[in-house]
Amino acid sequence: MVAVSEVGHRVADPAGQPAGRRRRLVPVLLVVGWLLGVGWRMWLSRHVPLPIAHTDEDSYLHTARALAGGPGGFSSENGPLRRVGYPLLISPAFLGERDFADSYRLVQLINAAVNATVLPLSYLLLRRLVPVRRPVALTAATVAATLPATVFYAGVAMIDAVLAPLVLAWLLAVHHWVRRPGPLVAATAGTLVGAFHLLHSRGLVIVGVHAGLVLLLFLRRRITPAQVLAAVLPVLALALLNEAVIRLLGDRVYLLGDPPGDGTVRAVASGPGLLRVGAAVATQLWYLVVITFGLAGVAWAGAVRLLFRPAPAATPGRVTAASPPPAAAPGDGAGATRWTVGVALVTSVGVAAGASVILAGITGKPLDAIYGRYVQMLAPFWLLLGVGMLVIATPRQRWRRAAVAVGLLLAGATLIAARLAWVAGRGHELRYGGFGAPDLMALTGGWREFRPFTGAAVGIAGCLLLVAALRLPRWRPPVLAALVAVNLGTMQVITDRLVRPVVAATAPTPRVADLGVSPGDRVWASLGVQWVLRFNLSHQVTWADVRWFGDAPPADADVVFVRWAPGEPDDWDGTRYGFVRLGGNPEQHWAAWRRA
């Protein structure tokens with residue numbers, strides 16, 4: 001491991017172009033890369049005209065529509081964990097009178113624009129964390145920006161599309177705050193933490209980590225009381241904003257989710273329960289190592305060593321409001337990197353643990369074999385740090401860190417295989433679906449079954465190849481560029497094998513407008529219509545909240561969506577109620593009927 005004082009120092013770029021010209025070229029490349037990233041994400045989402053990630057997408061879209069002044073609808077959220085940040089972000093897509101498909105495409109554009117900022121943020125963060133040259137930082141940032149874990153949710157109306165860039169921006173702010181403390185950067189870090197809280201319940205972990213960071217920095221006399229207030233007040237303000245917007249919405253968006261309760265406590269209040277949660281946490285962390293080609297494991301090995309090395313002597317003196325922290329001195333960058341890495345480690349474990357506890361408390365469905373969605377937002381950071389830890393290391397240190405990554409991959413695969421076998425031996429099975437870890441499915445070919453040892457093999461092969469190739473400076477950009485190609489190919493496989501089949505199965509045809517359903521019609525949907533089709537039919541009714549009914553249509557219904565199953569007992573006959581069938585799709589088992 002390099003000395004702590006070495007980490008965080010800049011290194012000179014190779015001779016060639018004048019330094020000023022290189023510095024001017026980098027912003028141009030980052031802007032062009034961002035534009036290309038937006039275009040690529042929109043190209044990937046071209047096959048997704050309607051939501052496919054139910055019921056989360058439905059909840060966000062209904063809330064966004066209500067915030068834009070339109071009708072509301074249901075949300076699968078519950079009261080304690082309800083957040084309005086993402087609906088606020090996408091609500092402009094629902095301003096004015098638009099077809100739902102157009103509004104949904106605008107949501108995808110907002111997602112793409114925000115998600116693609118991973119590229120510039122990755123470059124800035126890597127250049128500040130570890131001493132790497134500009135070409136390496138640019139190619140590593142491109143790898144992070146094209147990771148399927150980063151890109152996948154940009155094509156749907158899901159909060160995860162914006163969390164990866166937010167993580168990078170927050171950690172960049174933390175690094176700058178520790179390096180050069182001041183009220184403005186403290187407020188910036190606090191605002192980003194408040195944004196996490198406004199966006200999703202996993203932001204509670206970020207808020208807890210932020211509170212601990214503020215307390216430690218204050219006790220270590222690195223920040224003033226004024227900076228404490230600057231770091232805390234934005235979090236409180238955005239938490240109050242969340243509550244204010246919820247009250248503003250009133251009952252236009254009604255909740256269908258159950259609050260966390262006794263089920264969560266029972267799920268972890270026993271030895272077996274704690275073992276199940278521990279196995280779920282380990283699975284999520286193992287998943288991060290696989291999808292970053294072992295680089296997360298390399299980063300963790302270097303991070304633990306970095307955190308437990310003695311820190312360089314700090315500049316003496318008490319920090320007060322009257323005497324601000326001293327100017328940054330040589331070694332402050334190393335200290336800032338140490339703090340930033342520590343914050344990221346605690347956050348990773350905290351998010352994985354919090355998600356596992358909450359999911360374990362949902363007793364109405366089987367537990368997941370893997371559910372990587374909650375930790376995906378951390379993958380770009382650990383990939384970047386892993387690249388940095390390989391670049392700054394000696395050959396012996398590289399292989400030691402690779403050995404740690406290999407050990408984590410093998411141990412994790414063994415644990416997961418044992419867990420799957422234990423559950424199967426008791427006549428049960430763990431849930432395994434496309435949205436749990438789509439990139440792992442594509443990398444391992446495990447579309448129908450979880451293949452932990454194949455995943456370990458993928459991670460080990462990637463890690464060993466990277467260690468062998470990155471020892472030569474001239475090989476670093478080409479090897480990292482090869483990872484970009486792997487990411488692009490993986491996303492194409494996910495699109496072809498997962499996204500397009502899901503769209504084909506969940507997009508109702510024909511469109512309701514083609515059947516004569518138009519603004520002003522009072523529309524209801526029968527519970528007999530398969531729920532995904534029912535939701536996507538309802539989204540096309542942009543002028544009203546489509547409620548549900550059982551068999552008999554409500555008295556005020558002008559149009560109803562019902563089950564159409566010719567020859568089956570549950571085929572709905574509207575003539576009994578004075579309705580005339582407009583059309584539909586008997587193969588998808590739905591029809592639209594209008595009151596005569």
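Residues numbered from 1 in each chain as written. Predicted model: local features only at pLDDT ≥ 70, side-chain atom pairs only at ≥ 80, totals over all residues. Heavy atoms only, no water.

Draft legend 1. Structural view of the pairing of strand β7 (residues 590-595). Looking at chain direction, strand β5 (residues 559-562) and β7 are connected through four bridges and run antiparallel. Directly across from Val-559, in β7, lies its bridge partner Arg-594. Relative to β7, strand β6 (residues 579-585) is paired through six bridges, and the arrangement is antiparallel. From the neighbouring strand, Phe-579 faces β7, where its bridge partner is Arg-595. Hairpin connection from β6 to β7: four residues lie between these consecutive antiparallel strands, with His-589 at a positive phi of about 65°. (Pairing = 2+ DSSP bridges. Helix = DSSP H or I, 4+ residues; strand = E, 2+ residues; numbered from the N terminus.)

Draft legend 2. Broad picture of helix α16 (residues 379-391). The terminal C-alpha atoms of α16 lie 18 Å apart, and with 13 residues this matches the ideal 18 Å at 1.5 Å per residue to within 8%. Where burial is concerned, most of α16 is hidden: 13 out of the 13 residues are buried. (Expected span 1.5 Å × (residues − 1). Buried < 20%, exposed > 50% of the residue type's maximum accessible area, 1.4 Å probe, protein only.)

Draft legend 3. Focus on the packing of helix α8 (residues 160-179) against helix α9 (residues 183-199). Between α8 and α9, the shortest axis-to-axis distance is 9 Å and the interhelical angle comes to 155°. Taken together, the axes of α8 and α9 are roughly antiparallel relative to one another. Here α8 runs over α9; the crossing is left-handed. Contact with α8, carried on its side by Val-162, Leu-163, Leu-166, Val-167, Ala-169, Trp-170, Ala-173, His-176 and Trp-177, involves Val-185, Ala-186, Thr-188, Ala-189, Leu-192, Val-193, Ala-195, Phe-196 and Leu-199 of α9 and no other residues of that element. Split by residue class, the contact of α8 with α9 holds 16 nonpolar, two polar and no charged. (Axes fitted to C-alpha atoms, helices over the stretch in contact; angles between N-to-C directions. Parallel < 35°, antiparallel > 145°, perpendicular 65-115°, else oblique. Left-handed = near helix turned anticlockwise from the far one by under 90°. Contact = heavy atoms within 4.5 Å. Nonpolar A, V, L, I, M, F, W, Y, C, P; charged D, E, K, R; others polar.)

Draft legend 4. View of the pattern of salt bridges. A complete count under the given rule lists 13 salt bridges for this structure. In this structure, the salt-bridge partner of Asp-160 is Arg-373, at a minimum N-O distance of 2.8 Å. You can see Asp-160 sitting in helix α8 and its partner Arg-373 sitting in the loop between α15 (332-360) and α16, a full 213 residues away along the chain. Residue Asp-160 is classed as buried on the basis of its relative accessible area, which comes to 7%. (Salt bridge = Lys/Arg side-chain N within 4 Å of Asp/Glu carboxyl O.)

Draft legend 5. View of a nonpolar patch on the surface. A cluster of nonpolar side chains, contributed by Leu-25, Val-28, Leu-29, Val-32 and Leu-36, occupies part of the molecular surface with about 420 Å² of accessible area. Positionally, Val-32 belongs in helix α1 (residues 19-44). Its relative accessible area of 41% is what places Val-32 among the partly exposed residues. (Patch = residues over 30% accessible without salt bridge, like charges linked within 9 Å, V, L, I, M, F, W, Y side chains within 5 Å. Areas by Shrake-Rupley, 256 points an atom, 1.4 Å probe, with all protein chains shown as cover.)

Draft legend 6. Molecular detail of the sheet that holds β5. Across the sheet, which stays open at both edges, the five strands sit in the order β4-β3-β5-β7-β6 with mixed pairing between neighbours. Each edge of the open sheet is held by one strand with a lone partner, namely β4 (547-549) and β6. Sheet twist, expressed as the average angle between the axes of neighbouring strands with direction ignored, equals 30°. Set on the sheet, helix α21 (residues 531-539) makes contact with β3 (523-526), β4, β5 and β7; between it and β3 the angle comes to about 170°.

Draft legend 7. Expanded view of helix α11 (residues 225-249). Spanning 25 residues, α11 covers 36 Å between terminal C-alpha atoms, matching the ideal 36 Å at 1.5 Å per step. Residues of α11 that are buried include every one of Gln-227, Ala-230, Ala-231, Pro-234, Val-235, Leu-238, Asn-242, Val-245, Ile-246 and Leu-249, and no others. Phi for Gly-250, located one or two positions after α11, is positive at around 60°.

Draft legend 8. Representation of the environment of Glu-568 in the model. Within the secondary structure layout, Glu-568 lies in the loop between β5 and β6. What makes Glu-568 partly exposed here is its relative accessible area of 35%. Of the polar contacts made by the side chain of Glu-568, one reaches the side chain of Arg-563; its length is 3.2 Å. (Polar contact = N/O pair within 3.5 Å; in protein donor to acceptor, adjacent residues only side chain to side chain.)

Draft legend 9. Focus on the nonpolar core. By size, the foremost hydrophobic cluster in this structure holds 155 residues, and its most contacted members are Trp-170, Trp-177, Trp-286, Tyr-287, Phe-381, Trp-382 and Leu-385. Top element by residues in this core is α8. It accounts for 15 residues. Trp-170 has contacts with Ala-189, Leu-192, Val-193, Phe-196, Ile-206, Val-209, Val-343 and Thr-347, leaving out every residue within four places of it along the chain. In this structure, Val-512, Leu-537, Phe-561 and Trp-590 belong to the second largest nonpolar core, which totals 14 residues. (Core = buried A, V, L, I, M, F, W, Y, C linked by side-chain atoms within 4.5 Å.)

Draft legend 10. How the structure looks around the packing of α8 against α16. Contact geometry for α8 and α16: axes closest at 8 Å, N-to-C directions at 55°. Classified by the interaxial angle, the pair formed by α8 and α16 is oblique. Of the residues in α16, those in contact with Ala-164, Leu-168 and Leu-171 of α8 are Pro-380, Phe-381 and Leu-384. Its residues placed into classes, the contact of α8 with α16 shows six nonpolar, no polar and no charged.

Draft legend 11. Quick look at the side chain of His-47. Assignment of secondary structure puts His-47 in the loop between α1 and α2 (56-67). Only 3.0 Å separates the side chain of His-47 from the side chain of Arg-46, close enough to count as a polar contact. Beyond its immediate chain neighbours, meaning those up to four positions away, His-47 contacts Thr-495, Arg-500 and Val-503.

Draft legend 12. Up close: unusual backbone geometry. Note that the residue after His-54, namely Thr-55, is joined by a cis bond; omega there is 5°. Relative to the elements of secondary structure, Thr-55 occurs in the loop between α1 and α2. For Phe-293, which is not a glycine, the phi torsion comes out positive at approximately 60°. Considering the arrangement of structural elements, one finds Phe-293 in the loop between α13 (271-291) and α14 (295-308).

Draft legend 13. Inspection of the packing of aromatic side chains at higher detail. Here the structure, examined in full by the defined rule, presents 18 aromatic pairs. Grouping aromatic residues by their ring pairs yields a cluster made of Phe-74, Trp-531, Phe-535 and Trp-548. Its end group placed over the ring of Trp-548, Arg-534 keeps NZ or CZ at 4.9 Å from the ring centre. (Phe/Tyr/Trp six-rings, centres within 6.5 Å; stacked < 30°, edge-to-face > 60°. Lys NZ or Arg CZ within 6 Å of the ring centre and 35° of its normal.)

Draft legend 14. Summary view of the pairing of β5. Burial along β5 is two-sided: the residues Val-559 and Phe-561 and Val-560 and Val-562 are all buried. Across three bridges, the pairing between β3 and β5 is parallel. Residue Ala-525 lies in a different strand from β5, and its bridge partner there is Phe-561.

Draft legend 15. Spatial organisation of the side chain of Thr-506. Here Thr-506 is to be found in helix α20 (residues 476-506). A distance of 2.8 Å separates the side chain of Thr-506 from the backbone oxygen of Val-502, its partner in a polar contact. With residues up to four places along the chain from it excluded, the contact list for Thr-506 reads Pro-51, Ile-52, Val-532, Leu-533 and Asn-536.

Draft legend 16. The arrangement of the environment of Val-484 in detail. Tracing the backbone shows Val-484 in helix α20. Here Val-484 falls in the buried class, since its relative accessible area comes to 12%. In this structure the C-alpha to C-alpha distance between Val-484 and Ala-140, which are 344 residues apart in sequence, comes to 8.8 Å. Sequence-distant contacts of Val-484, defined by excluding residues within four places in its chain, comprise Thr-139, Thr-142, Val-143 and Thr-146.

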